[in-house]
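# Coordinate inspection notes
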Amino acid sequence: MYKDVVTFVDNISHAVETLVQSSDTLFILLGAIMVLAMHAGFAFLEVGTVRQKNQVNALVKIIADFGFSAIAYFFIGYWVAYDVTFFSSAEQLSAINGYELVKFFFLMTFAAAIPAIISGGIAERARFYPMLVASFFIVAFIYPFFEGIMWNGNYGFQNWLTETFGFGFHDFAGSVVVHAVGGWIALIAVAMLGIRNGRYRGGRLIAFAPSNIPFLALGAWILTIGWFGFNVMSAQTMGSISGLVAVNTLMAMVGGILTSLFVGKNDPGFIHNGPLAGLVAACAGSDLMHPIGALVTGAIAGALFVWLFTYIQNRLHLDDVLGVWPLHGVCGAWGGIAAGIFGSEAFGGLGGVSLASQVIGTLAGIAIAVIGAFIVYGIIKKTVGLRLTDEDEYNGADLAIHKIGSVSDD
């Protein structure tokens, strides 16, 4: 009788364990699918912003970058970040319902966001294959190097921050690890590529109007929806899921909408990028902030994006087509710092965060991104070149690279 009871209890425990494992696997799989869908958002945001002669190239770049990123992260990047490889049997890999495999899938979609971010900045004048090669090395080495430091505790940097300032660097869903790193890498690529032909005449900015506002808006909406998978499912298990993350993500998005609406003076490009700025900034501290703190964080990000995008175009003559440096690089850095401010108990947050650690961690991410980008893009520029010829740029990347336009009049 005793043995029967023990067997029954063991069976129940095993069934519960299996249920938990399968639920966690499904949970993070859904997150991976939602972040994968965000790449369609990146694509259509760029398609709607660039001129019609570069629309095909925008679409092809995003999906080709994803393919290169997946290979780079599967064979090298994930190993660099987490010291995990996939050179074992399928039986071993599929243990605990294949949770570790799906976790890789989820994190790979984050890694692939780096080239997708860069793509918007370098649009309309970048060569195709050299940029794919750059994407490979960025996702294989630069991004996972910093990812491993911050999300896996590599090289003792997080331990040092904890011992020195009481808490390590906190970045729940990647304001700095993903967005700031991607944005600052893009800044270097944009600077090395130079200005699109015809962009400035006599020192004055010549506006290149977006080719398709509905496509731009569609891209922004896809990204906005997918972001709830990006943030909420960064918990990675059902037991760690928090409604606070969802509401903070929502409030930061709303803050970005409102300030970009007023500061951007009703410009649809600014209005649809405003919520993205707020969402970028919310990633780091969305699990700690009070919703009002998230609203303020997103509002500051939305205004910061509009002001800085206008400034770099008019004053610095930095031809960042989609404004990915202000949107991801600067708003991502702001998000890392904001987590240290609004995540603290003094501002209604849950605490467990140090402003000093947030500032130092953010600066470390920027430094790694900038140095890595100089190395990768510098070598490619010196060897094979980064930029299309003047003739190809004039004809458009669609015809020059892909031999077909986005529409047909036949």
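In this report, the structure presented in the accompanying data block is examined.

Rules behind the numbers
Residues numbered from 1 in each chain as written. Predicted model: local features only at pLDDT ≥ 70, side-chain atom pairs only at ≥ 80, totals over all residues. Heavy atoms only, no water. Helix = DSSP H or I, 4+ residues; strand = E, 2+ residues; numbered from the N terminus. Rg over C-alpha atoms; globule rule 2.2 N^0.38 Å. Contact = heavy atoms within 4.5 Å. Areas by Shrake-Rupley, 256 points an atom, 1.4 Å probe, with all protein chains shown as cover. Lys, Arg positive; Asp, Glu negative; His and termini not counted. Charge placed at Lys NZ, Arg CZ, Asp CG, Glu CD. Salt bridge = Lys/Arg side-chain N within 4 Å of Asp/Glu carboxyl O. Buried < 20%, exposed > 50% of the residue type's maximum accessible area, 1.4 Å probe, protein only. Axes fitted to C-alpha atoms, helices over the stretch in contact; angles between N-to-C directions. Parallel < 35°, antiparallel > 145°, perpendicular 65-115°, else oblique. Left-handed = near helix turned anticlockwise from the far one by under 90°. Nonpolar A, V, L, I, M, F, W, Y, C, P; charged D, E, K, R; others polar.

Our focus in this paragraph is the overall build of the protein. Looking only at helices and strands, the protein has 15 helices and 2 strands in total. Taken over C-alpha atoms, the radius of gyration comes to 22 Å for the protein, in line with the 22 Å a tight globule of 410 residues would show. Along the first, second and third principal axes, the C-alpha atoms of the protein reach 90 × 50 × 45 Å. For the protein, contacts bridging at least 24 residues in sequence account for 80% of all contacts bridging at least 6. Looking at the protein as shown, the accessible area adds up to about 17,300 Å², and 68% of this sits on carbon and sulfur atoms. Of the side-chain charges in the protein, 17 are positive and 25 negative, and the distance between the mean point of each set is 17 Å.

Looking now at the pattern of salt bridges. In the structure shown here, the tally under the stated rule is 6 salt bridges. Between arginine 51 and glutamate 124 there is a salt bridge, and its shortest N-O distance comes to 2.9 Å. Of this pair, arginine 51 sits in the loop between α1 (2-49) and α2 (55-82) while glutamate 124 is found in the loop between α4 (95-121) and α5 (128-151), placing the two residues 73 residues apart along the sequence. Residues arginine 51 and glutamate 124 agree in their burial class; the two are buried. Between aspartate 319 and arginine 199 there is a salt bridge, with the nearest N and O atoms lying 3.3 Å from each other. Here aspartate 319, found in the loop between α11 (291-314) and α12 (324-342), pairs with arginine 199, found in the loop between α7 (175-193) and β1 (200-201); they are 120 residues apart in sequence, far enough to count as distant. For aspartate 319, a relative accessible area of 1% gives the class buried. Arginine 199 sits in the buried class, given a relative accessible area of 8%. If you follow the salt bridges from partner to partner, you end up with Arg51, Glu124, Arg196, Arg199 and Asp319 in one network.

What follows covers the packing of helix α8 (residues 213-232) against helix α10 (residues 268-282). Direction vectors running N to C along α8 and α10 enclose 15°, while the axes themselves pass 10 Å from each other. Judged on the interaxial angle alone, α10 and α8 are roughly parallel. The crossing of α8 and α10 is left-handed. Contact residues: Ile213, Leu216, Ala217, Ala220, Leu223, Thr224, Trp227 and Asn231 in α8; Pro268, Gly269, His272, Leu276, Leu279, Val280 and Ala282 in α10. Here the contact of α8 with α10 is composed, by residue class, of 11 nonpolar, 4 polar and no charged.

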